[in-house]
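Analysis of the macromolecular model
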Amino acid sequence: MDARTAARLTVTTVSERPAGRALTEQCALRRADLGLFHMTAYYGPSAEQEMRLDGRYPGTAKDAFKRSMECKGALGTAYFKLVRTNDRAPDGTSGPHGTSDPKELNQLLDSFATASAARHGCSGA
C-alpha cells in the first residue's frame, strides 16, 4: 500500500508478522487504536486447511475478500484473505470500520498478496 492509499483510507499503522517465508503471515491495518482491516496469507498445509474450512463453513468467510495463486514446490496453492475488522471506536460505536468499497478492498488485498507471494516464489507475483 502506498502513502496516498494509506492517507485516503486513514490508515495510521500497518503491522505485519511474521514477514518472511512463514506458512501463515498476517497484516493488520489500523487507525490509531481502531482496527480497520486484517489480511492473512496462507501457504502449503495452512492454505489447504483454511480453504477447506471456508468451503465447509461458508458463512464465516462470506464478507471476506479472497485470492489464490500457485506456488512452487510443496507450497501448492497460496490463499489470501482480507476481512474488515470488527472493533469498538472511541465514540463507542462497534462494527466494521473503514472503507467498504469492494474496489479499494480488492486493491489492498492484491497489494498484500503480491508482496507476500513474491517472498514465497509464487506465480503472479
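Reference entry: report on the structure contained in this document. (Residues numbered from 1 in each chain as written. Predicted model: local features only at pLDDT ≥ 70, side-chain atom pairs only at ≥ 80, totals over all residues. Heavy atoms only, no water.)

Observations regarding the overall build of the protein chain
- A count of helices and strands for the protein chain gives 3 helices and 7 strands.
- Shown N-terminal to C-terminal, the secondary structure of the protein chain runs as helices and strands in the order α-β-β-β-α-β-β-β-β-α.
- If you sum the accessible surface of the protein chain, you get close to 7,000 Å²; carbon and sulfur atoms cover 51% of it. (Helix = DSSP H or I, 4+ residues; strand = E, 2+ residues; numbered from the N terminus. Areas by Shrake-Rupley, 256 points an atom, 1.4 Å probe, with all protein chains shown as cover.)

Some remarks on the pattern of salt bridges
- A complete count under the given rule lists 5 salt bridges for this structure.
- For the salt bridge of Glu-50 with Lys-81, the shortest nitrogen-to-oxygen distance reads 2.6 Å. Here Glu-50 is found in helix α2 (residues 45-56), whereas its partner Lys-81 is found in strand β5 (residues 77-84), with 31 residues between them in sequence.
- Given the relative accessible area of 9%, Lys-81 is considered buried.
- Each of the salt bridges in this network shares a partner with another, and the network as a whole consists of Glu-16, Glu-25 and Arg-119. (Salt bridge = Lys/Arg side-chain N within 4 Å of Asp/Glu carboxyl O. Buried < 20%, exposed > 50% of the residue type's maximum accessible area, 1.4 Å probe, protein only.)

Some points on unusual backbone geometry
- One non-glycine residue, Ala-32, lies in the positive phi region at around 55°.
- Mapped onto the secondary structure, Ala-32 falls in the loop between β2 (24-31) and β3 (34-42).

Observations concerning the nonpolar core
- Of all hydrophobic cores here, the largest spans 25 residues; its most connected members are Met-39, Tyr-43, Phe-80, Leu-82 and Leu-108.
- Mapped onto this core, the elements with two or more residues apiece are β2, β3, β4 (65-70), β5 and α3 (102-120).
- Ranked by the residues each element gives to this core, the list is headed by α3, at 6 residues. (Core = buried A, V, L, I, M, F, W, Y, C linked by side-chain atoms within 4.5 Å.)

A closer look at the packing of aromatic side chains
- Per the stated rule, a full pass over the model turns up 2 aromatic pairs.
- A ring pair is formed by Tyr-42 and Tyr-79, whose centres lie 6.1 Å apart and whose planes are at 35°; its orientation type is tilted. Placement of Tyr-42 in strand β3 and of Tyr-79 in strand β5 is noted, with a sequence separation of 37 residues between them. Here Tyr-42 and Tyr-79 have matching classes, each one buried.
- Taking 5.9 Å as the distance between ring centres and 85° as the angle between the ring planes, the aromatic pair formed by Tyr-43 and Phe-80 counts as edge-to-face. Residue Tyr-43 is located in the loop between β3 and α2, and its partner Phe-80 is located in strand β5; the two are separated by 37 residues in the primary sequence. In terms of burial, Tyr-43 and Phe-80 fall into one category: buried. (Phe/Tyr/Trp six-rings, centres within 6.5 Å; stacked < 30°, edge-to-face > 60°.)

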